[in-house]
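The residues making up each chain are set out below.
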Amino acid sequence: MNDDDVKQTSSRSQRPASQAFKDFMGSRWAPASGEVPARDEAAGFAAERRGRVSAHFAGERLIIPAGPLKTRSNDTDYRFRPHSAFAHLTGLGTDHEPGAVLVLEPREDGGHDAALYFKPMAGRDSEEFYASARHGEFWIGPRPTLEDMEARLGISARDLDEFPAAAGKDAGVTGIRVVREADPQADAVVEAARSEHGVDAEQARTHDAALGQLLSELRLVKDSHEVSELRRSVAATVSGFEDVVRALPAALEHDRGERLIEGTFFARARLEGNDLGYDTIAASGSNATILHWIRNTGRVSPGELLLLDAGVEVDSLYTADITRTIPVSGTFSAQQRKVYDAVLSAADAAFAVVRPGVRFREIHAAAVRVLAEHLDAWGLLPVSLEEALSAEGQHHRRWMPHGTSHHLGLDVHDCAAAKRELYLDAELEPGMVFTIEPGLYFKDEDLAVPEEYRGIGIRIEDDVLVTEDGYENLSAALPRTTDDVEAWIRRVQG
Ligand code: GLY
Ligand code: MN
Ligand code: MN
């Protein structure tokens with residue numbers, strides 16, 4: 001029994017300790033099916049990704065943990081979600097595999113052999129089977145054996161108990177890099193091996209950071225499997241947005257209408273995917289001006305705009321990230337339409353620059369210029385347009401304080417550890433996927449704008465794939481213009 005099980009059972013329940021009980025619980029279970037699972041669809045892609053990592057770190061041992069189960073409170077855990085670098089390099093998604101560690105062991109020829117260390121299914125005759133609420137199949141359902149995992153991934157699988165020795169072997173001679181802070185236990189194993197062999201800790205950490213950065217940069221250009229998973233996330237998200245439009249009349253009746261919307265979208269995320277890619281922002285009325293409004297405790301009142309920013313994470317853990325701003329009663333007011341159209345023209349301007357060879361930061365520059373032009377035309381800028389757009393000005397950021405684009409993939413803000421030259425300053429390449437998401441947000445208490453602007457928050461966010469000669473708007477199935485949004489509401493609500 002491990003410590004977790006002691007914590008879980010110590011004072012609120014008793015497990016019989018008699019040999020008779022143990023013998024009975026460990027017997028008369030049908031044997032496991034023994035059926036070998038098929039190779040995962042992602043396995044070949046993951047092997048190719050590992051090959052690219054390998055080429056950067058010849059002769060070094062690379063350690064990529066999945067991360068542990070995380071405690072939500074007392075003895076309950078969050079659902080498990082592996083670290084994105086681990087998911088990328090194994091192809092494993094939903095549920096797989098708490099505490100697991102991928103090790104790329106260097107070979108003499110400069111390549112690496114991959115091994116997955118994890119806690120395999122315990123036999124049905126073991127105490128763990130019925131006694132471990134965290135790991136036992138009796139409690140949590142089917143778990144893979146080492147053979148299952150080898151069949152699925154095409155890499156060798158080993159018991160997690162063997163990891164510390166494998167991680168520390170020849171630590172003074174073989175360089176080791178670990179994806180830090182994914183799993184404190186894996187970090188501790190590596191630290192112990194390093195200190196035992198007198199490895200310079202500070203230098204080693206720099207090497208670890210370089211591994212984390214490279215793994216993030218490796219995801220900047222998506223392979224065909226990733227693009228198809230992103231398409232699936234977007235399709236499920238589009239369905240979730242339609243569910244929300246269908247639920248708007250009920251939301252208008254409920255005293256926590258925003259929660260009703262959040263729950264409606266979440267149902268779609270669980271039906272078609274693994275989870276949400278991030279907490280849904282279901283912000284009605286002036287809550288839409290609060291950028292990270294995830295409390296979603298508000299009412300949805302007639303005539304308001306609902307800013308819905310939501311994404312389904314599919315089982316492979318790729319997520320969409322889409323925002324639409326929707327008139328809850330079916331039609332935009334003239335003032336809402338005026339602000340919406342400004343945001344839409346900023347988005348269109350951003351789309352217009354997307355093609356291979358253009359720098360990522362040009363997308364933001366294009367969107368922000370259009371927003372600033374509108375703010376200027378409306379008389380809201382306290383300085384000239386050019387002064388606002390200069391580095392010393394930036395007055396428009398009062399109403400559009402976030403970036404226009406971020407990479408999207410396994411993480412909603414994907415590739416965040418990539419260096420600036422490969423992110424903001426990089427040239428776009430086919431296969432990159434990112435958002436375009438300009439917005440304007442006028443808070444209720446903003447005395448710098450006339451009253452008719454206050455309480456309006458609008459964002460339009462699409463997910464974009466760079467192609468050989470331009471782009472594809474992956475989320476084009478959702479309407480973007482005010483007329484199309486209104487027609488969509490009428491159609492969906494029947
Ligand atoms: N939903 C988070 C974002 O749009 O970046
Ligand atoms: Mn986004
Ligand atoms: Mn978003």
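A few points on the structure. The structure presented is a predicted model; accordingly, all values stated were derived computationally and were not measured.

1. A short note on the coordination of the manganese ion (ligand 2)
Reasoning step 1: Looking at the manganese ion (ligand 2), one finds its protein donor set to be Asp321 (OD), His406 (NE2), Glu437 (OE) and Glu461 (OE), positioned 2.0 to 2.2 Å from the metal centre.
Reasoning step 2: Around the manganese ion (ligand 2), the 6 donor atoms sit at angles spanning 52 to 155°, and that spread fits a shape best called irregular.
Reasoning step 3: We note that the donor set of the manganese ion (ligand 2) lies within a single chain, spaced as D-x84-H-x30-E-x23-E.
Reasoning step 4: A separation of 3.3 Å is found between the manganese ion (ligand 2) and the manganese ion (ligand 3), which are bridged by Asp321. Separated by 31 residues along the polypeptide, His406 in the loop between helix 15 (385-389) and strand 13 (433-436) and Glu437 in the loop between strand 13 and strand 14 (439-442) bring together distant segments of the chain. An identical accessibility class is assigned to His406 and Glu437; each is buried.

2. Details of the packing of aromatic side chains
Reasoning step 1: Here the structure, examined in full by the defined rule, presents 13 aromatic pairs.
Reasoning step 2: Their ring planes at 85° and their centres at 5.9 Å tell us that Phe129 and Phe138 sit as a pair that is edge-to-face.
Reasoning step 3: For the pair Phe360 and Phe434, a centre-to-centre distance of 5.4 Å together with 85° between the ring planes defines the contact as edge-to-face. Taken together, the residues Phe360 in helix 14 (residues 360-377) and Phe434 in strand 13 connect sequence positions 74 residues apart.
Reasoning step 4: A relative accessible area of 3% places Phe360 in the buried class.
Reasoning step 5: An aromatic cluster of three or more residues is present, and its members are Trp378, Trp399, Phe442 and Tyr453.

3. Some points on the coordination of the manganese ion (ligand 3)
Reasoning step 1: Only Asp309 (OD), Asp309 (OD), Asp321 (OD) and Glu461 (OE) from the protein coordinate the manganese ion (ligand 3), and they sit 2.1 to 2.3 Å from it.
Reasoning step 2: Positions of the donor residues of the manganese ion (ligand 3) along the chain correspond to the pattern D-x11-D-x139-E.
Reasoning step 3: Looking at Asp309, the relative accessible area reads 5%, which means it is buried.
Reasoning step 4: Under the relative-accessibility criterion, Glu461 is labelled buried at 0%.

4. Topic: the sheet that holds strand 1 (residues 60-65)
Reasoning step 1: Read across the sheet, 5 strands follow the order 6-5-4-1-7 without closing on themselves; strand pairing throughout is mixed. What marks the edges here is a single partner per strand, and that holds for strand 6 (156-159) and strand 7 (175-178). For this sheet, the mean inter-axis angle between neighbouring strands, taken without regard to orientation, is 25°.
Reasoning step 2: In the sheet, strand 1 pairs with strand 7 via 4 bridges, with the strands oriented parallel. Bridge pairing in strand 7 places Glu60 opposite Gly175.
Reasoning step 3: In this fold helix 9 (residues 184-196) packs onto strand 1 and strand 7, with an angle of close to 160° to the strand it touches most, strand 7.

5. Side note on the environment of Asp77
Reasoning step 1: For Asp77, the location among the structural elements is in strand 3 (residues 76-77).
Reasoning step 2: Distance from Asp77 to Arg134, taken between C-alpha atoms, is 9.1 Å for residues 57 residues apart in sequence.
Reasoning step 3: Once residues within four sequence positions are removed from consideration, Asp77 is found in contact with Leu69, Lys70, Thr71, Arg72 and Arg134.

6. Some thoughts on helix 9
Reasoning step 1: For helix 9, with 13 residues, the first-to-last C-alpha span of 18 Å sits near the 18 Å given by 1.5 Å per residue.
Reasoning step 2: Among the residues of helix 9, Ala186, Asp187, Val189, Val190, Ala193 and Arg194 are the ones counted as buried. Down the axis, helix 9 shows its buried residues gathered within 160° of arc, on one side only. When the buried face of helix 9 is taken as reference, the exposed residues oriented beyond 90 degrees from it are Pro184, Gln185, Ser195 and Glu196.
Reasoning step 3: Looking at the packing, one finds that the buried side of helix 9 touches strand 1, helix 8 (163-168), strand 7 and helix 10 (201-217).
Reasoning step 4: If you check the start of helix 9, you find a side-chain oxygen 2.8 Å away from the backbone N of Gln185, and it comes from Asp183.
Reasoning step 5: Just beyond helix 9, the residue with positive phi is Gly198, at close to 65°.

7. Re the site of ligand 1
Reasoning step 1: Close to ligand 1 lie Tyr278, Asp309, Asp321, His406, His413, Glu437 and Glu461, which account for all nearby residues.
Reasoning step 2: Within the side chain of His413, one N or O atom sits 2.7 Å away from an oxygen atom of ligand 1.
Reasoning step 3: Within the side chain of Glu461, a nitrogen or oxygen atom sits 3.2 Å from an oxygen atom of ligand 1.
Reasoning step 4: Protein contacts shield 83% of the accessible area of ligand 1, which totals 190 Å² for the unbound molecule.
Reasoning step 5: Considering only residue class, the shell around ligand 1 consists of 1 nonpolar, 2 polar and 4 charged.

Reading guide: rules and limits
- All residue numbers refer to position in the chain's written sequence, counted from 1.
- Going through the entries in the order they are written, you letter the chains from A and number the ligands from 1.
- In keeping with the model being predicted, local features are shown solely for residues with a pLDDT of at least 70 and side-chain atom pairs are shown and tallied solely at 80 or more, while totals for entire chains, interfaces and linings include all residues.
- Neither water nor hydrogens contribute to the side-chain values; these are computed over all heavy atoms in the structure.
- Shown as donors are all N, O and S atoms within 2.8 Å of a metal ion, widened to 3.2 Å for Na, K and Ca; because water is not in the atom set, sites may appear incomplete.
- Square planar and octahedral assignments, for four and six donors respectively, both demand that opposite donors be over 155 degrees apart and that all other angles lie between 65 and 115; tetrahedral needs four donors with all angles between 85 and 135 degrees, and anything else is irregular.
- Numbering of helices and strands runs from the N terminus, with a helix taken as a DSSP run of H or I at least four residues long and a strand as a DSSP run of E at least two residues long.
- Exposure categories follow from relative accessible area, calculated using a 1.4 Å probe and restricted to protein chains: below 20% of the type maximum is buried, above 50% is exposed, and the middle band is partly exposed.
- Aromatic pairs are defined between Phe, Tyr and Trp rings, using the six-membered ring for Trp, whenever the two ring centres lie within 6.5 Å; interplanar angles under 30 degrees are classed as stacked, those over 60 as edge-to-face, and all others as tilted.
- One requirement defines pairing of two strands: DSSP has to find at least two bridges between them.
- Axis definition: a line fitted to C-alpha atoms, over the contacting stretch in the case of helices. Angles run 0 to 180 degrees between N-to-C directions.
- Contact between two residues is taken to exist if any of their heavy atoms lie within 4.5 Å; hydrogens are not considered.
- Take the residue count of a helix, subtract one, and multiply by 1.5 Å to get its expected span.
- In this description, the arc belongs to the directions extending from the helix axis to the C-beta atoms.
- Polar contacts, as counted here, are pairs of nitrogen or oxygen atoms within 3.5 Å of one another; within protein the pair requires one atom able to donate a hydrogen and one able to accept it, and residues that are adjacent in sequence qualify only if both atoms are side-chain atoms.
- One heavy atom suffices: a residue is near a molecule or strand as soon as one of its heavy atoms comes within 4 Å of it.
- Only the protein chains shown count as cover for residues, with accessible areas throughout obtained via the Shrake-Rupley method and a probe of 1.4 Å.
- Gly falls in the polar group here, along with every residue not listed as nonpolar (Ala, Val, Leu, Ile, Met, Phe, Trp, Tyr, Cys, Pro) or charged (Asp, Glu, Lys, Arg).

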